[in-house]
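# Descriptive structure summary
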Amino acid sequence: DPDIQAQAEYLLGNLAHEFANLAKNEETRRPRYQQALKRFSEIPLEYPDTEFASKAQYKTAQTYEKLGEAESAVEEYVKLAYKYPGDELIPSVMSRLGDYFQKKGQSLKEKADAIREKTDPKSKGEVIVLDEASYPEFLKAARVFEKLNERFPDDPLAPLAGLRAGQNYMRAHQYDPAVKAFEALIEVESYDGPTLRAQAMYWGAYARELWPVAEDNWKMRGDLMNGAYKLYRRITFEYPDSIWAKRARGRLADPAFADIAQRDAEERQKMIEALEEARKNRR
C-alpha cells in the first residue's frame, strides 16, 4: 500500500532527524541529517499522491535548515507552496520564508552597523551599499508576512505575521504600508490586547514619528505627530499595566509632544469645566 510505505519512510526519516538532534557532535550529527534528508526528499517523488508527500517536503526544507543550507531550504519551501497550495502547512511555510528574508536583511544591516560604528569617512560608501541591500530583503519579508495574515486570518500564526509585516516595512523605511499593517491588527478586537494590539499601537505610533516629511509640509507632520500622540495615550488608557504602556509613557515624555500634550490638557480641562457647568445648571 503506497500510503503505508510512505508513512514508513516518513517515520524512518523522522527517527534519523531525531537522532541527529540528539547527537553530541558534528561528526555524528551531519550524517544523520543527511540520512533523514534522503528519506524525506524521496517521498514526494515516489509517493506524490499520499498525505505524507507535503509533510516530507516540509521536513526536507527543515532538514536543510539544520544543515545550515538556507538557500536550499528556501527552494524546498517554495516547491511545497507551488505543489501543494492548499496544504495546511502553507502558513508555516510562509512564516519560515518571511523569517528567512528578515534574517537576511538583518545580517546586512548588522554588517552596516558594525562599519558605521567605526566612524571612518572612507567607509560611508560601503555602509550605504549594505543598507540599501538590506531594504529589499526586509520588504520581501514584510510582503510574505502580510500575505500570510491576509490569506489565513484564522491561523494561529496570522496575528504575529501581521505584526512582523509592519515591523519589516519599517525596517525597509516603508512607513505608509507599515502604519496600515499595524492599523489592521488594532482593529481586530479578538487579538490579544496587552501584548499584540498594544504592541501594534506602539509601533503604529512610532512609525508615524519616523515617517519622513518635507520640512515645509507642516500640516502632514502635525497630523502624524497628533496620530502618534493619540495612539500612545490609548495604550496607557486601555493597557496601563503592559510593557507597551511603559514604553508609550517614555515616548510621551519626549519634548516633541510637549505642545500637543499641553493642548490636550487644556481641551480636557475645558470639557471638565463644561460638564461641571452643565451639572450646576441641571440643579
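Above this text is the structure in question.
Residues numbered from 1 in each chain as written. Predicted model: local features only at pLDDT ≥ 70, side-chain atom pairs only at ≥ 80, totals over all residues. Heavy atoms only, no water.

What follows concerns the nonpolar core. Side chains of a nonpolar character, in soluble globular proteins, are inclined to be buried together. Core analysis: the largest hydrophobic core is formed by 36 residues, its most contacted members being Tyr232, Ile235 and Phe257. Elements with a contribution of two residues or more to this core: α6 (124-151), α7 (158-171), α8 (175-186), α9 (193-210), α10 (218-238) and α11 (243-252). Discounting residues that sit within four places of it in the chain, Phe257 has contacts with Glu209, Met225, Ala228, Tyr229, Tyr232, Arg251 and Leu252. If you look at the next biggest cluster of nonpolar residues, it comprises 27 residues, including Tyr77, Leu80, Phe145 and Ala161. (Core = buried A, V, L, I, M, F, W, Y, C linked by side-chain atoms within 4.5 Å. Buried < 20%, exposed > 50% of the residue type's maximum accessible area, 1.4 Å probe, protein only. Helix = DSSP H or I, 4+ residues; strand = E, 2+ residues; numbered from the N terminus. Contact = heavy atoms within 4.5 Å.)

Quick look at the side chain of Thr236 now. Positionally, Thr236 belongs in helix α10. Overall, the relative accessible area of 13% leaves Thr236 in the buried class. With residues near it in sequence (within four places) discarded, Thr236 still touches Ala245, Ala248, Arg249 and Leu252.

Next up on the list: the packing of aromatic side chains. If you walk through the whole model with that rule in mind, you get 12 aromatic pairs. Summarising the aromatic geometry, the rings of Tyr202 and Trp203 are spaced 5.2 Å apart at their centres and angled 85 degrees between planes, so their arrangement reads as edge-to-face. Each member of the aromatic cluster is reached from another via a ring pair, and the members are Tyr202, Trp203, Tyr206, Tyr229, Tyr232, Trp244 and Phe257. (Phe/Tyr/Trp six-rings, centres within 6.5 Å; stacked < 30°, edge-to-face > 60°.)

The next point concerns the side chain of Gln102. Tracing the sequence through the fold places Gln102 in helix α5 (residues 90-116). Accessibility expressed as a relative area gives 15% for Gln102, which makes it buried. In contact with Gln102, not counting residues within four places along its chain, are Phe138, Ala141, Phe145, Arg164, Asn168 and Arg171.

One can find Leu108 in helix α5. In the structure, Leu108 is positioned 27 residues away from Tyr135 in sequence and 9.2 Å away in space, judged by C-alpha atoms. For Leu108, the contacting residues outside a window of four places in its chain are Leu130, Ala133, Ser134 and Glu137.

Our focus in this paragraph is the packing of α9 against α11. Running from N to C, α9 and α11 point in directions that differ by 20 degrees, and their axes come no closer than 9 Å. As the angle between them shows, α9 and α11 are arranged roughly parallel. As for how α9 packs across α11, the hand of that crossing is left-handed. Facing Pro194, Thr195, Ala198, Gln199, Tyr202, Trp203, Tyr206 and Glu209 of α9, the residues of α11 in contact are Trp244, Arg247, Ala248 and Arg251. For the contact of α9 with α11, the residue count by class is 7 nonpolar, 2 polar and 3 charged. (Axes fitted to C-alpha atoms, helices over the stretch in contact; angles between N-to-C directions. Parallel < 35°, antiparallel > 145°, perpendicular 65-115°, else oblique. Left-handed = near helix turned anticlockwise from the far one by under 90°. Nonpolar A, V, L, I, M, F, W, Y, C, P; charged D, E, K, R; others polar.)

The next thing to look at is the environment of Gly125. Position of Gly125 among the secondary structure elements: in helix α6. For Gly125, a relative accessible area of 40% translates into the label partly exposed. For the pair Gly125 and Pro2, spaced 123 residues apart in sequence, the C-alpha to C-alpha distance is 58 Å.

A few words on the pattern of salt bridges. For side chains bearing opposite charge, pairing can occur when the charged atoms are close. Applying the stated criterion across every chain, the model contains 22 salt bridges. We note a salt bridge from Glu65 to Arg96, for which the minimum N-O separation is 3.0 Å. Of this pair, Glu65 sits in helix α3 (residues 52-66) while Arg96 sits in helix α5, and the two are 31 residues apart along the sequence. Residue Arg96 is classed as partly exposed on the basis of its relative accessible area of 29%. (Salt bridge = Lys/Arg side-chain N within 4 Å of Asp/Glu carboxyl O.)

Once that is clear, we can look at helix α2 (residues 26-46). With 21 residues, α2 should cover 30 Å at 1.5 Å per step; its first-to-last C-alpha distance of 30 Å lies within 8% of that length. Taken residue by residue, α2 has Tyr33, Ala36, Leu37, Phe40, Ile43 and Pro44 as its buried positions. In a view along the axis of α2, the buried residues occupy a sector of 125 degrees, so they form one face of it. What points out from α2, more than 90 degrees from its buried face, is the exposed set Glu27, Lys38, Leu45 and Glu46. Residues of α2 that are buried make contact with α1 (2-22), α3 and α4 (70-83). (Expected span 1.5 Å × (residues − 1). Arc of directions from axis to C-beta.)

The terminal C-alpha atoms of α10 lie 30 Å apart, and with 21 residues this matches the ideal 30 Å at 1.5 Å per residue to within 8%. Every buried residue of α10 is accounted for by Leu224, Met225, Gly227, Ala228, Tyr229, Leu231, Tyr232, Arg233, Ile235 and Thr236. Contact partners of the buried residues in α10: α8, α9, α11 and α12 (258-282).

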